[in-house]
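Chain by chain, the residues run as shown.
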Amino acid sequence: MTIDPQNLLERLIACPSVTPEAAGALDLLAKELEAIGFAVTHLRFDGDGSYPVDNLFAMRGTGGKKLLFAGHTDVVPPGDLAQWTSDPFVPRVADGKLFGRGAADMKSGVAAFVAACAAIPTQAGTIQLAITNDEEADAINGTEKLVRWMEANGHSFDFALVGEPSSAEALGDSIKIGRRGSFSGVVTVKGVQGHVAYPHKANNPLPVLAGILTALSTTKLDDGTEHFPASNLEVTTVDVGNPTSNVIPGAGVLKFNIRYNDTWTPDSLAEWVRERIASVEAKGTEVRFELAGVPSRSFLSPLSDDIDTLSDAIEDVTGRRPEYSTGGGTSDARFIAQYGPVVECGLVGPSMHKADEHIAITDLVGLTAIYESFMARFFASEAE
(Lines give C-alpha, C1' and ligand atoms only; values in the text may rest on other atoms or scores of the structure.)
Protein backbone atom coordinates (compact mmCIF):
# COMPACT_ATOMS: atom_id res chain seq x y z
CA MET A 1 0.00 0.00 0.00
CA THR A 2 1.23 3.47 -0.85
CA ILE A 3 0.22 6.79 0.68
CA ASP A 4 0.31 10.08 -1.23
CA PRO A 5 1.76 12.66 1.20
CA GLN A 6 0.04 15.58 -0.56
CA ASN A 7 -3.36 13.94 -0.37
CA LEU A 8 -2.86 13.08 3.29
CA LEU A 9 -1.65 16.60 4.07
CA GLU A 10 -4.66 18.13 2.36
CA ARG A 11 -6.99 15.97 4.43
CA LEU A 12 -5.14 16.93 7.62
CA ILE A 13 -5.35 20.64 6.79
CA ALA A 14 -9.11 20.22 6.34
CA CYS A 15 -9.29 19.25 10.04
CA PRO A 16 -9.49 22.61 11.91
CA SER A 17 -7.39 21.30 14.79
CA VAL A 18 -6.72 24.54 16.67
CA THR A 19 -5.23 23.65 20.06
CA PRO A 20 -6.56 21.63 21.85
CA GLU A 21 -9.36 20.45 19.52
CA ALA A 22 -8.16 17.52 17.40
CA ALA A 23 -11.12 18.02 15.04
CA GLY A 24 -10.72 14.58 13.49
CA ALA A 25 -6.99 14.86 12.70
CA LEU A 26 -5.91 12.09 15.06
CA ASP A 27 -8.72 9.80 13.94
CA LEU A 28 -7.64 10.35 10.34
CA LEU A 29 -4.05 9.47 11.18
CA ALA A 30 -5.09 6.41 13.16
CA LYS A 31 -7.00 5.06 10.16
CA GLU A 32 -4.04 5.61 7.82
CA LEU A 33 -1.57 4.04 10.24
CA GLU A 34 -3.71 1.01 10.97
CA ALA A 35 -4.01 0.40 7.22
CA ILE A 36 -0.22 0.01 6.99
CA GLY A 37 0.10 -2.28 9.98
CA PHE A 38 0.44 -0.01 12.99
CA ALA A 39 -1.21 -0.69 16.33
CA VAL A 40 -2.70 2.60 17.51
CA THR A 41 -3.37 3.73 21.08
CA HIS A 42 -5.43 6.85 21.79
CA LEU A 43 -4.42 8.64 24.98
CA ARG A 44 -6.13 11.57 26.69
CA PHE A 45 -4.25 13.44 29.38
CA ASP A 46 -5.68 16.15 31.60
CA GLY A 47 -5.05 17.91 34.89
CA ASP A 48 -2.15 20.07 36.09
CA GLY A 49 -4.19 23.21 35.56
CA SER A 50 -4.62 22.76 31.82
CA TYR A 51 -7.24 21.51 29.41
CA PRO A 52 -7.56 17.82 28.42
CA VAL A 53 -5.62 16.82 25.31
CA ASP A 54 -5.95 13.91 22.90
CA ASN A 55 -2.72 12.19 21.87
CA LEU A 56 -1.84 9.23 19.69
CA PHE A 57 0.80 6.53 20.04
CA ALA A 58 1.35 4.09 17.18
CA MET A 59 3.80 1.21 16.82
CA ARG A 60 4.73 -1.32 14.16
CA GLY A 61 7.29 -4.07 14.64
CA THR A 62 8.66 -5.70 17.77
CA GLY A 63 12.36 -6.16 17.16
CA GLY A 64 15.45 -4.56 15.71
CA LYS A 65 16.38 -0.94 16.09
CA LYS A 66 13.69 1.35 17.45
CA LEU A 67 12.89 4.64 15.73
CA LEU A 68 10.53 7.24 17.19
CA PHE A 69 8.87 9.94 15.14
CA ALA A 70 7.21 12.76 17.09
CA GLY A 71 5.06 15.63 15.95
CA HIS A 72 1.84 17.51 16.46
CA THR A 73 -1.43 17.96 14.64
CA ASP A 74 -2.59 21.08 16.47
CA VAL A 75 -2.26 24.47 14.82
CA VAL A 76 -2.41 28.08 15.92
CA PRO A 77 -5.62 30.02 15.23
CA PRO A 78 -5.82 31.50 11.72
CA GLY A 79 -6.29 35.03 13.02
CA ASP A 80 -7.93 37.66 10.83
CA LEU A 81 -9.55 35.70 7.99
CA ALA A 82 -9.49 38.81 5.83
CA GLN A 83 -5.71 38.41 5.63
CA TRP A 84 -6.07 34.98 3.98
CA THR A 85 -6.56 34.56 0.26
CA SER A 86 -8.90 31.64 0.93
CA ASP A 87 -10.31 29.60 3.81
CA PRO A 88 -7.32 28.48 5.93
CA PHE A 89 -8.91 25.06 6.50
CA VAL A 90 -9.68 24.38 2.86
CA PRO A 91 -6.40 23.27 1.24
CA ARG A 92 -5.55 25.25 -1.88
CA VAL A 93 -2.94 24.46 -4.52
CA ALA A 94 -1.49 27.27 -6.59
CA ASP A 95 1.85 27.82 -8.34
CA GLY A 96 3.28 24.56 -7.04
CA LYS A 97 2.43 25.44 -3.44
CA LEU A 98 -0.06 24.00 -0.97
CA PHE A 99 -1.78 26.57 1.22
CA GLY A 100 -3.56 26.08 4.53
CA ARG A 101 -3.13 26.45 8.27
CA GLY A 102 -0.70 23.80 9.45
CA ALA A 103 0.82 23.23 6.01
CA ALA A 104 4.28 24.16 7.29
CA ASP A 105 3.87 23.75 11.05
CA MET A 106 3.71 20.82 11.04
CA LYS A 107 1.11 18.63 9.41
CA SER A 108 3.48 18.33 6.46
CA GLY A 109 6.07 16.57 8.60
CA VAL A 110 3.46 14.15 9.91
CA ALA A 111 2.08 13.42 6.43
CA ALA A 112 5.56 12.90 4.97
CA PHE A 113 6.59 10.48 7.70
CA VAL A 114 3.40 8.41 7.50
CA ALA A 115 3.77 8.22 3.72
CA ALA A 116 7.41 7.15 4.11
CA CYS A 117 6.43 4.43 6.58
CA ALA A 118 4.14 2.91 3.95
CA ALA A 119 7.22 2.24 1.81
CA ILE A 120 9.25 0.57 4.57
CA PRO A 121 8.89 -3.23 4.98
CA THR A 122 7.08 -4.17 8.17
CA GLN A 123 9.90 -6.50 9.21
CA ALA A 124 12.59 -3.80 8.94
CA GLY A 125 12.48 -2.79 12.60
CA THR A 126 10.34 -1.02 15.18
CA ILE A 127 8.73 2.29 14.21
CA GLN A 128 6.86 4.36 16.78
CA LEU A 129 4.92 7.59 16.40
CA ALA A 130 4.07 9.96 19.24
CA ILE A 131 1.62 12.59 18.01
CA THR A 132 0.11 15.25 20.24
CA ASN A 133 -2.53 17.90 19.72
CA ASP A 134 -1.00 20.30 22.23
CA GLU A 135 2.33 21.67 21.05
CA GLU A 136 1.30 25.19 20.10
CA ALA A 137 -0.08 26.24 23.50
CA ASP A 138 0.34 24.92 27.06
CA ALA A 139 2.15 21.69 26.09
CA ILE A 140 1.24 20.34 29.53
CA ASN A 141 -0.93 17.38 28.56
CA GLY A 142 0.85 16.56 25.33
CA THR A 143 4.28 15.21 24.45
CA GLU A 144 5.75 15.46 27.96
CA LYS A 145 3.13 13.08 29.35
CA LEU A 146 3.09 11.01 26.17
CA VAL A 147 6.79 10.11 26.37
CA ARG A 148 6.44 9.57 30.10
CA TRP A 149 3.65 7.10 29.35
CA MET A 150 5.87 5.43 26.75
CA GLU A 151 8.65 4.87 29.28
CA ALA A 152 6.21 3.52 31.86
CA ASN A 153 4.92 1.04 29.28
CA GLY A 154 8.30 -0.13 28.05
CA HIS A 155 8.36 1.78 24.75
CA SER A 156 11.99 2.85 24.47
CA PHE A 157 13.72 4.16 21.35
CA ASP A 158 17.23 4.29 19.93
CA PHE A 159 16.78 7.51 17.97
CA ALA A 160 14.02 10.05 17.51
CA LEU A 161 13.01 12.43 14.75
CA VAL A 162 10.77 15.44 15.25
CA GLY A 163 9.19 16.74 12.05
CA GLU A 164 9.21 20.43 12.97
CA PRO A 165 10.32 22.86 10.26
CA SER A 166 14.11 22.83 10.59
CA SER A 167 15.33 23.89 7.16
CA ALA A 168 16.47 27.50 6.90
CA GLU A 169 16.15 28.43 3.22
CA ALA A 170 16.08 25.16 1.28
CA LEU A 171 14.94 21.65 2.11
CA GLY A 172 17.52 19.81 4.16
CA ASP A 173 20.00 22.66 4.49
CA SER A 174 19.76 22.43 8.29
CA ILE A 175 18.73 20.00 11.00
CA LYS A 176 18.46 20.84 14.68
CA ILE A 177 20.59 18.74 16.99
CA GLY A 178 19.57 20.73 20.05
CA ARG A 179 17.64 23.73 21.27
CA ARG A 180 18.27 26.54 23.70
CA GLY A 181 16.31 26.62 26.91
CA SER A 182 13.83 29.34 27.82
CA PHE A 183 13.68 30.98 31.25
CA SER A 184 11.22 33.77 32.05
CA GLY A 185 11.09 35.87 35.19
CA VAL A 186 9.29 38.75 36.86
CA VAL A 187 10.87 41.29 39.19
CA THR A 188 8.56 43.46 41.30
CA VAL A 189 9.83 46.43 43.27
CA LYS A 190 7.46 47.93 45.86
CA GLY A 191 8.01 51.36 47.32
CA VAL A 192 5.68 53.94 48.85
CA GLN A 193 3.31 55.95 46.71
CA GLY A 194 3.23 59.71 47.21
CA HIS A 195 3.02 63.20 45.76
CA VAL A 196 5.99 64.24 43.63
CA ALA A 197 6.17 67.51 45.58
CA TYR A 198 6.78 65.57 48.81
CA PRO A 199 9.35 62.91 47.89
CA HIS A 200 10.48 62.60 51.51
CA LYS A 201 7.05 61.13 52.31
CA ALA A 202 7.30 58.50 49.56
CA ASN A 203 9.81 55.96 48.28
CA ASN A 204 10.07 55.78 44.52
CA PRO A 205 10.66 52.17 43.36
CA LEU A 206 11.63 53.11 39.82
CA PRO A 207 15.32 53.99 40.34
CA VAL A 208 15.79 50.59 41.97
CA LEU A 209 13.87 48.90 39.16
CA ALA A 210 16.00 50.73 36.60
CA GLY A 211 19.15 49.61 38.39
CA ILE A 212 17.98 46.01 38.32
CA LEU A 213 17.12 46.30 34.62
CA THR A 214 20.64 47.57 33.93
CA ALA A 215 22.25 44.86 36.06
CA LEU A 216 20.33 42.14 34.26
CA SER A 217 20.60 43.39 30.70
CA THR A 218 24.21 44.59 30.61
CA THR A 219 25.92 41.60 32.23
CA LYS A 220 27.16 38.93 29.82
CA LEU A 221 25.89 35.48 30.66
CA ASP A 222 28.49 33.50 28.70
CA ASP A 223 30.43 33.38 25.43
CA GLY A 224 28.56 30.45 23.91
CA THR A 225 29.65 26.84 23.50
CA GLU A 226 30.74 24.62 20.63
CA HIS A 227 27.23 24.13 19.30
CA PHE A 228 25.33 27.01 20.92
CA PRO A 229 25.48 30.80 20.62
CA ALA A 230 25.87 32.95 23.71
CA SER A 231 22.93 32.96 26.09
CA ASN A 232 20.83 36.09 25.85
CA LEU A 233 18.56 38.01 28.21
CA GLU A 234 15.92 40.36 26.86
CA VAL A 235 13.77 42.62 29.01
CA THR A 236 10.29 42.32 27.51
CA THR A 237 8.31 44.88 29.48
CA VAL A 238 8.48 47.41 32.31
CA ASP A 239 5.09 48.29 33.80
CA VAL A 240 4.22 50.92 36.34
CA GLY A 241 0.53 51.54 35.79
CA ASN A 242 0.84 55.22 36.59
CA PRO A 243 -0.99 57.58 34.19
CA THR A 244 -0.38 60.66 36.33
CA SER A 245 2.73 62.82 36.17
CA ASN A 246 2.50 64.17 39.73
CA VAL A 247 2.29 60.84 41.54
CA ILE A 248 5.26 58.76 42.65
CA PRO A 249 4.23 55.18 41.85
CA GLY A 250 3.96 52.57 44.56
CA ALA A 251 5.40 49.70 42.54
CA GLY A 252 6.98 48.72 39.24
CA VAL A 253 7.25 45.38 37.45
CA LEU A 254 9.94 44.16 35.07
CA LYS A 255 9.61 41.02 32.93
CA PHE A 256 12.39 39.27 31.05
CA ASN A 257 13.24 36.13 29.10
CA ILE A 258 16.55 34.31 28.80
CA ARG A 259 17.31 31.97 25.90
CA TYR A 260 20.18 29.94 27.25
CA ASN A 261 22.67 27.30 26.14
CA ASP A 262 23.96 24.14 27.77
CA THR A 263 26.17 26.13 30.13
CA TRP A 264 23.15 26.72 32.34
CA THR A 265 20.30 25.02 34.14
CA PRO A 266 17.11 26.69 35.40
CA ASP A 267 18.51 26.53 38.95
CA SER A 268 21.84 28.12 38.07
CA LEU A 269 20.09 30.84 36.07
CA ALA A 270 17.77 31.62 38.98
CA GLU A 271 20.82 31.99 41.22
CA TRP A 272 22.49 34.27 38.66
CA VAL A 273 19.37 36.47 38.52
CA ARG A 274 19.21 36.69 42.31
CA GLU A 275 22.88 37.73 42.44
CA ARG A 276 22.28 40.45 39.84
CA ILE A 277 19.29 41.76 41.80
CA ALA A 278 21.26 41.70 45.06
CA SER A 279 23.98 43.83 43.46
CA VAL A 280 21.53 46.77 43.34
CA GLU A 281 20.87 48.73 46.54
CA ALA A 282 17.22 48.29 47.48
CA LYS A 283 16.97 51.73 49.20
CA GLY A 284 14.19 50.65 51.51
CA THR A 285 12.04 49.08 48.79
CA GLU A 286 10.73 45.52 48.73
CA VAL A 287 12.16 43.51 45.83
CA ARG A 288 10.63 40.19 44.74
CA PHE A 289 11.76 37.84 41.98
CA GLU A 290 9.51 35.06 40.63
CA LEU A 291 9.64 32.59 37.79
CA ALA A 292 7.05 33.10 35.06
CA GLY A 293 5.89 29.67 33.98
CA VAL A 294 7.98 26.51 33.88
CA PRO A 295 11.44 26.91 32.33
CA SER A 296 12.30 24.68 29.39
CA ARG A 297 15.73 23.09 29.51
CA SER A 298 18.32 23.29 26.79
CA PHE A 299 19.39 20.04 25.20
CA LEU A 300 22.02 18.78 22.80
CA SER A 301 21.89 15.38 21.15
CA PRO A 302 25.35 13.83 20.92
CA LEU A 303 26.74 13.58 17.41
CA SER A 304 26.41 9.94 16.39
CA ASP A 305 26.30 7.45 13.54
CA ASP A 306 22.53 7.94 13.40
CA ILE A 307 22.93 11.67 12.77
CA ASP A 308 25.49 10.83 10.09
CA THR A 309 22.96 8.42 8.58
CA LEU A 310 20.32 11.15 8.52
CA SER A 311 22.82 13.52 6.90
CA ASP A 312 23.60 10.86 4.29
CA ALA A 313 19.90 10.50 3.52
CA ILE A 314 19.48 14.25 3.15
CA GLU A 315 22.51 14.46 0.86
CA ASP A 316 21.14 11.56 -1.18
CA VAL A 317 17.90 13.48 -1.82
CA THR A 318 19.06 17.10 -1.97
CA GLY A 319 22.68 16.80 -3.09
CA ARG A 320 24.08 18.58 -0.02
CA ARG A 321 24.73 17.78 3.62
CA PRO A 322 22.86 19.71 6.27
CA GLU A 323 24.32 22.12 8.75
CA TYR A 324 23.79 21.29 12.42
CA SER A 325 21.83 23.98 14.24
CA THR A 326 20.59 24.72 17.74
CA GLY A 327 18.85 27.99 16.86
CA GLY A 328 15.22 29.00 17.03
CA GLY A 329 12.72 28.72 19.83
CA THR A 330 11.69 25.73 21.88
CA SER A 331 9.95 22.59 20.66
CA ASP A 332 8.62 19.32 22.03
CA ALA A 333 12.03 17.79 21.34
CA ARG A 334 13.00 19.11 24.78
CA PHE A 335 10.73 16.51 26.38
CA ILE A 336 11.95 13.67 24.18
CA ALA A 337 15.62 14.50 24.81
CA GLN A 338 15.19 13.35 28.42
CA TYR A 339 14.70 9.78 27.17
CA GLY A 340 17.06 9.47 24.19
CA PRO A 341 18.80 11.22 21.28
CA VAL A 342 16.52 13.39 19.14
CA VAL A 343 16.95 15.52 16.03
CA GLU A 344 14.52 17.86 14.30
CA CYS A 345 14.23 17.41 10.55
CA GLY A 346 11.48 19.06 8.54
CA LEU A 347 10.58 21.58 5.88
CA VAL A 348 11.38 25.24 5.37
CA GLY A 349 9.12 27.23 7.68
CA PRO A 350 9.10 31.00 6.97
CA SER A 351 5.31 31.05 6.45
CA MET A 352 4.38 29.17 9.62
CA HIS A 353 1.90 30.97 11.88
CA LYS A 354 1.29 33.53 9.11
CA ALA A 355 -1.71 34.17 6.90
CA ASP A 356 -1.54 32.11 3.70
CA GLU A 357 0.76 29.57 5.37
CA HIS A 358 2.13 27.28 2.67
CA ILE A 359 4.79 24.84 1.52
CA ALA A 360 6.30 23.92 -1.82
CA ILE A 361 4.84 20.60 -2.93
CA THR A 362 8.24 19.52 -4.22
CA ASP A 363 9.61 20.00 -0.70
CA LEU A 364 6.89 17.73 0.70
CA VAL A 365 7.85 15.05 -1.82
CA GLY A 366 11.51 15.58 -0.97
CA LEU A 367 10.94 15.33 2.78
CA THR A 368 9.05 12.06 2.28
CA ALA A 369 12.03 10.76 0.30
CA ILE A 370 14.43 11.87 3.05
CA TYR A 371 12.45 10.04 5.71
CA GLU A 372 12.19 6.94 3.57
CA SER A 373 15.91 6.95 2.74
CA PHE A 374 16.82 7.51 6.37
CA MET A 375 14.64 4.68 7.65
CA ALA A 376 16.01 2.27 5.05
CA ARG A 377 19.58 3.16 6.08
CA PHE A 378 18.79 3.27 9.81
CA PHE A 379 17.31 -0.21 9.93
CA ALA A 380 19.89 -1.65 7.50
CA SER A 381 22.75 -0.48 9.72
CA GLU A 382 21.84 -3.05 12.37
CA ALA A 383 22.21 -5.90 9.93
CA GLU A 384 25.69 -4.85 8.81
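Above: the structure in question.
Residues numbered from 1 in each chain as written. Predicted model: local features only at pLDDT ≥ 70, side-chain atom pairs only at ≥ 80, totals over all residues. Heavy atoms only, no water.

Trainee: Would you explain the environment of Lys 65 in this entry?
Mentor: Relative to the elements of secondary structure, Lys 65 occurs in the loop between β2 (50-60) and β3 (66-72). Note on Lys 65: relative accessible area 14%, which makes it buried. For the pair formed by Lys 65 and Gln 338, sequence separation is 273 residues and the distance between their alpha carbons is 19 Å. Here Asp 306 takes part through its side chain, which lies 3.1 Å from a polar atom of the side chain of Lys 65. (Helix = DSSP H or I, 4+ residues; strand = E, 2+ residues; numbered from the N terminus. Buried < 20%, exposed > 50% of the residue type's maximum accessible area, 1.4 Å probe, protein only. Polar contact = N/O pair within 3.5 Å; in protein donor to acceptor, adjacent residues only side chain to side chain.)

Trainee: I keep staring at the pattern of salt bridges and nothing clicks. Help me out?
Mentor: A side chain with one charge may pair with a side chain of the opposite charge, provided their charged atoms come close. By the definition in use, this model includes 12 salt bridges. Where Arg 101 meets Glu 357, a salt bridge forms, and the shortest distance between an N and an O atom there is 2.8 Å. Of the two residues, Arg 101 is situated in the loop between β5 (97-99) and α3 (107-117) and Glu 357 in the loop between β18 (342-344) and β19 (358-360); the sequence distance between them amounts to 256 residues. Per residue, the accessibility class of Arg 101 equals that of Glu 357, and both read buried. For Glu 144, the salt bridge goes to Arg 148, with nearest N and O atoms at 4.0 Å. In this pair, Glu 144 and Arg 148 are both assigned in helix α4 (residues 143-152), 4 residues apart and thus about one turn of the helix distant. Three or more residues are tied together by salt bridges with common partners; here these are Asp 312, Glu 315 and Arg 321. (Salt bridge = Lys/Arg side-chain N within 4 Å of Asp/Glu carboxyl O.)

Trainee: Whenever I open this one, the sheet that holds strand β15 (residues 286-291) confuses me. Can you help?
Mentor: Picture the strands of a sheet paired through backbone hydrogen bonds; they go either parallel or antiparallel. Taken together, 4 strands build an open sheet; the order of strands is β12-β14-β10-β15 and the sheet is antiparallel. In this open sheet, the two edge strands, each paired with only one partner strand, are β12 (232-239) and β15. Pairwise comparison of adjacent strand axes, ignoring direction, gives a mean angle of 20° for this sheet. Bridge count for strand β10 (residues 181-190) against β15 is 6 bridges, and the pairing is antiparallel. Note that in β15 the partner of Val 186 across the bridge is Glu 290. In this fold helix α5 (residues 206-217) packs onto β10, β12, β14 (251-260) and β15, with an angle of close to 5° to the strand it touches most, β14. (Pairing = 2+ DSSP bridges. Axes fitted to C-alpha atoms, helices over the stretch in contact; angles between N-to-C directions. Contact = heavy atoms within 4.5 Å.)

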